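If you want the building blocks of each chain, they are given just below.
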Amino acid sequence: MATTGRRISAGMVGGGVGADIGKTHRNGMRLDDRYSLDAGVFGQNRESSLGLGASLGVDESRIYPDYVAMAEAEAARPDGVDLVVVATPNDSHFAIAKTFLGNGFHVVCEKPLTLDSAEAAELVRIAAERDVILAVPHCYSAYPMVREAARLVRDGALGRINFIDVEHASGWNATALELTGHKQAGWRTDPAVGGLASVVGDLGTHAYHLARYITGIEAEQVSAQLATFVPGRRVFDHATLSLRWAGGVPGRIWASEVATGHNHGLRIRVFGDQGSLEWQHEDPHHLFVQDLAGETRTLTHGMSTLSEESGRLTRVGLGHPEGFLEAFANFYRDLADELDARRFGRQTTIRELSFPTGVDGLLGVQLVEAALASNDADGAWVAPGKNY
C-alpha cells in the first residue's frame, strides 16, 4: 500500500449513480485536496459502475466487479489504496468492512456500522488487531459550533448536567415513497436491508452520537416506544426513546422519518444547573447559551473568542456561511491528519474531540438493539450492550 506521496489514496465501495451519500463523501475528501480517489466498485451494475468511475477519473483497470476482487487486487499492488469508504446499504456493511480491514486497509463505514452488535464488535476487534483505523462518519460532530458546545460542556460551563434532549425528526419519508420507485426509501424500508428499527439506525444513531459527543456522558438504560405511521410499511419509522445517562442524568431522543413538514430536524439541547445550550443543524453557525437568569448569548462560528476546537474547523471568516459538505471535509481532514501521522511515523493527532471511530459505531448498533428489545417488552428499561 502507498506509503509516500502527499495525497492519501482512497477507494470506494457503493456511492454509485443516484446515491447522494457517495457524492457527499467524495466532495468531503476533495475539499482539502488530501485524498485521491483511485479505485472502487460504484454500484452493483457493472456498466454504471464503469461509467461513474470513468467520470471520476478512476482508471478502468481499478474499477472492480466486486469488493472481494478489489480487496485482493489493491492489497497486491505496491500503490494500492490506503483507505476504503463503504457507502452501501446497511446489510452489506459488515462483510465489506471486514474484508478490507482484514486485508490491512483503513476503513470509513457508513452508519449504522452493522445490523448486529456482535458483528460491529468483530469489526472493532479486527481493526485493533490489524492496527488500522475504522471510522464512522457521524459528521455532525465536525461542525465548529458542535465542537464549541462540547468544549463548553466538558469544561463545566453549564455546571452539573441535568437533562439531555435530542431530536432528529425529519418528514422526508412521511408518505409511502417506497411504492413510487424511490431508491433510498426502497432499501431503508426493507427490514432485511435497513433493519427493522430503520429509523433508529438511520437517524437515532446520529442523535445518540451527538449527545455522547457533546456531553462526554454514556447511556446506561433506554426505554423505547417504536411506531410505524405509514400504513403497510414493514419497518419502524418513528421512535421515542427515554434514556438514563451515567450519573442518573435523564434524557430523550426523538427520531422520526415521518415528522410531517420537518426538513432535516436535528436539534440538541443540554441543560445544566448553571445554564443550558442549544444547537440546530439547520442553523449550524450559531450556538445559543443561556444562563440561570435566562439571558441568551449567541455564539457564531468564526468569532475570535471561541475555543481552539471550534476555530481549527472554521474555514472562512466570521459571517460567511459553512455547511454540510464542510463538516464532512472536517471529518476527512481530521482523519487525514491521523493517517499521515501513521504513514510517516509521527505522533498521533487524535485528541479528545476528534473523528468518530468503530467504537462509536458499535455503541450506535447497541442502541438500536436495546430500542428493539425495550419496545418488545412494552417500554421496559434495557441496558445497551447487554444480552436480551
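For the structure, see preceding data.
Here goes a summary of the coordinates provided. (Residues numbered from 1 in each chain as written. Predicted model: local features only at pLDDT ≥ 70, side-chain atom pairs only at ≥ 80, totals over all residues. Heavy atoms only, no water.)

1. Points about unusual backbone geometry
Part 1 of the argument: Pro-112 follows Lys-111 through a cis peptide bond whose omega is -15 degrees.
Part 2 of the argument: Considering the arrangement of structural elements, one finds Pro-112 in the loop between strand 4 (106-109) and helix 5 (117-130).
Part 3 of the argument: Although it is not a glycine, Asp-131 sits at a positive phi angle of roughly 55 degrees.
Part 4 of the argument: One can find Asp-131 in the loop between helix 5 and strand 5 (134-135).
Part 5 of the argument: Under the relative-accessibility criterion, Asp-131 is labelled exposed at 56%.
Part 6 of the argument: At Asp-378, a position not held by glycine, the phi torsion is positive, near 60 degrees. (Helix = DSSP H or I, 4+ residues; strand = E, 2+ residues; numbered from the N terminus. Buried < 20%, exposed > 50% of the residue type's maximum accessible area, 1.4 Å probe, protein only.)

2. What to know about the sheet that holds strand 1 (residues 8-14)
Part 1 of the argument: Ordered by their spatial adjacency, five strands build an open sheet running 2-1-3-4-5, and the pairing between neighbours is parallel. Every interior strand has two partners, whereas the edge strands, strand 2 (35-41) and strand 5, have only one.
Part 2 of the argument: Direction of pairing for strand 1 relative to strand 3 (residues 83-87): parallel, over a ladder of five bridges. For Gly-11, the partnering residue across the bridge sits in strand 3 and is Val-84. (Pairing = 2+ DSSP bridges.)

3. Concerning helix 2 (residues 46-55)
Part 1 of the argument: Of the residues making up helix 2, those classed as buried are Ser-49, Leu-52 and Gly-53. Angular distribution of buried residues about the axis of helix 2 spans 100 degrees; they occupy a single face of the element. Exposed side of helix 2, more than 90 degrees from the buried face: Glu-47 and Ser-55 are the residues found there.
Part 2 of the argument: At its buried positions, helix 2 is contacted by helix 1 (20-30) and strand 2.
Part 3 of the argument: Where helix 2 begins, the side chain of Asn-45 points an oxygen toward the backbone nitrogen of Glu-47, at a separation of 3.1 Å.
Part 4 of the argument: Gly-57 lies just past helix 2 and shows a positive phi near 85 degrees. (Arc of directions from axis to C-beta. Contact = heavy atoms within 4.5 Å. Polar contact = N/O pair within 3.5 Å; in protein donor to acceptor, adjacent residues only side chain to side chain.)

4. Examining the sheet that holds strand 6 (residues 161-169)
Part 1 of the argument: Pairing in this open sheet of eight strands is mixed, and the strands run 7-8-9-6-10-11-12-13 from one edge to the other. The strands lining the two open edges of the sheet, one partner per strand, are strand 7 (219-227) and strand 13 (296-300). Strand after strand, the sheet turns through a mean of 15 degrees between neighbouring axes, direction not considered.
Part 2 of the argument: In this sheet, strand 9 (residues 249-256) lies alongside strand 6 in parallel orientation, the contact comprising six bridges. Residue pairing in the sheet places Ala-169 in a bridge with Ser-256 of strand 9.
Part 3 of the argument: Along the sheet, helix 6 (residues 144-154) makes contact with strand 6, strand 10 (266-272), strand 11 (275-280), strand 12 (286-291) and strand 13, crossing strand 12 at roughly 25 degrees. (Axes fitted to C-alpha atoms, helices over the stretch in contact; angles between N-to-C directions.)

5. Examining the packing of helix 1 against helix 11 (residues 324-343)
Part 1 of the argument: At a minimum axis distance of 7 Å, the contact between helix 1 and helix 11 shows a crossing angle of 60 degrees. One finds that helix 1 runs oblique with respect to helix 11. The handedness of the crossing between helix 1 and helix 11 is right-handed. Between helix 1 and helix 11, the residues in contact are Ile-21, Thr-24, His-25, Asn-27, Gly-28 and Met-29 and Phe-324, Leu-325, Phe-328, Ala-329 and Tyr-332, respectively. (Parallel < 35°, antiparallel > 145°, perpendicular 65-115°, else oblique. Left-handed = near helix turned anticlockwise from the far one by under 90°.)

6. A word on the packing of helix 6 against helix 9 (residues 198-215)
Part 1 of the argument: The geometry of helix 6 relative to helix 9 is characterised by a closest axis approach of 7 Å and an angle of 50 degrees between their N-to-C directions. Taken together, the axis directions place helix 6 and helix 9 in an arrangement best described as oblique. Listed contacts from helix 9 to Val-146, Arg-147, Ala-149, Ala-150, Val-153 and Arg-154 of helix 6 are Leu-210, Arg-212, Tyr-213, Ile-214 and Thr-215.

7. Describing the nonpolar core
Part 1 of the argument: Counting residues in each nonpolar core, the largest one holds 77 residues, and the members touching the most others are Tyr-35, Leu-241, Tyr-332 and Leu-335.
Part 2 of the argument: In terms of residues, this core owes the most to one element, helix 9, which gives nine residues.
Part 3 of the argument: Each residue touching Leu-335, except ones within four places of it in the same chain, is listed here: Tyr-35, Leu-83, Val-108, Ile-133 and Phe-355.
Part 4 of the argument: Counting residues in hydrophobic clusters, the runner-up holds 27 residues, among them Ala-71, Val-86, Ala-97 and Leu-101. (Core = buried A, V, L, I, M, F, W, Y, C linked by side-chain atoms within 4.5 Å.)

8. Notes on the pairing of strand 8 (residues 238-245)
Part 1 of the argument: Where strand 7 meets strand 8, eight bridges bridge the pair, whose relative direction is antiparallel. Residue pairing for strand 8: Gln-225 is matched across the bridge by Thr-240.
Part 2 of the argument: Judged from the eight bridges that link them, strand 8 and strand 9 form a sheet pairing that is antiparallel. Among the inter-strand pairings, Leu-241 is bridged to a residue of strand 9, identified as Ile-253.
Part 3 of the argument: A loop of three residues connects strand 8 with strand 9, the two strands running antiparallel in sequence, and Gly-247 in this loop sits at a positive phi of about 80 degrees.

9. Considering the environment of Thr-114
Part 1 of the argument: Residue placement: Thr-114 occurs in the loop between strand 4 and helix 5.
Part 2 of the argument: C-alpha separation for the pair Thr-114 and Ile-350, spaced 236 residues apart in sequence, amounts to 24 Å.
Part 3 of the argument: Excluding residues that lie within four positions of it along the chain, Thr-114 makes contacts with Phe-94, Glu-119, Ala-120, Leu-123 and Val-365.
Part 4 of the argument: A distance of 2.6 Å separates a polar atom in the side chain of Thr-114 from the backbone oxygen of Asp-116.

Distances and angles like these do not, on their own, reveal function.
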